[in-house]
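# Reading the structure
Read off the chains here:
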Amino acid sequence: MKQALLAMATITLLGSVGNVAADDSAAVAARFERLESRIAALRTEVETKQDTMDCLYQVGNDLYVDACNLHVQDDGTGNSISSDMVPN
């Protein structure tokens, strides 16, 4: 009788562990899919930004703007020329 009860308890516990593992794997799979989706969105965003920045490149401490417009604004007023700005 004790062995039968022990066997039933063991089977019940193993079944519970199996269910938890199945639940965990479904959660992991769902999280993995969300992460894959986010990675794809970030890749698209990076490609878009790279396309936008193709006309900018840096050599040493110098920044070059080639074949695009550059607007330098001061402290957020939207003015592109200020008496405080000194060109080099």
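To keep things clear, this report deals only with the structure shown in the data block. (Residues numbered from 1 in each chain as written. Predicted model: local features only at pLDDT ≥ 70, side-chain atom pairs only at ≥ 80, totals over all residues. Heavy atoms only, no water.)

Counting secondary structure elements, the protein contains one helix and two strands. For the protein, the N- to C-terminal ordering of α and β elements is α-β-β. With the model as given, the accessible surface of the protein reaches about 8200 Å², and the carbon-plus-sulfur share is 58%. (Helix = DSSP H or I, 4+ residues; strand = E, 2+ residues; numbered from the N terminus. Areas by Shrake-Rupley, 256 points an atom, 1.4 Å probe, with all protein chains shown as cover.)

To continue, consider a nonpolar patch on the surface. A contiguous nonpolar patch, built from Leu63, Val65, Leu70 and Val72 and spanning about 360 Å² of accessible area, is present on the exposed surface. Note that Val72 resides in the segment after strand E2 (62-65). Note on Val72: relative accessible area 47%, which makes it partly exposed. (Patch = residues over 30% accessible without salt bridge, like charges linked within 9 Å, V, L, I, M, F, W, Y side chains within 5 Å. Salt bridge = Lys/Arg side-chain N within 4 Å of Asp/Glu carboxyl O. Buried < 20%, exposed > 50% of the residue type's maximum accessible area, 1.4 Å probe, protein only.)

For the coordinates displayed, the defined rule picks out one aromatic pair. Between Tyr57 and Tyr64, the ring centres sit 5.2 Å apart and the planes meet at 10°, which makes this aromatic pair stacked. By relative accessible area, Tyr57 is classed as partly exposed at 40%. (Phe/Tyr/Trp six-rings, centres within 6.5 Å; stacked < 30°, edge-to-face > 60°.)

Phi angles above zero are rare outside glycine, and Ala67 is one such case at about 70°. With respect to the element layout, Ala67 can be found in the segment after E2.

Distances and angles like these do not, on their own, reveal function.
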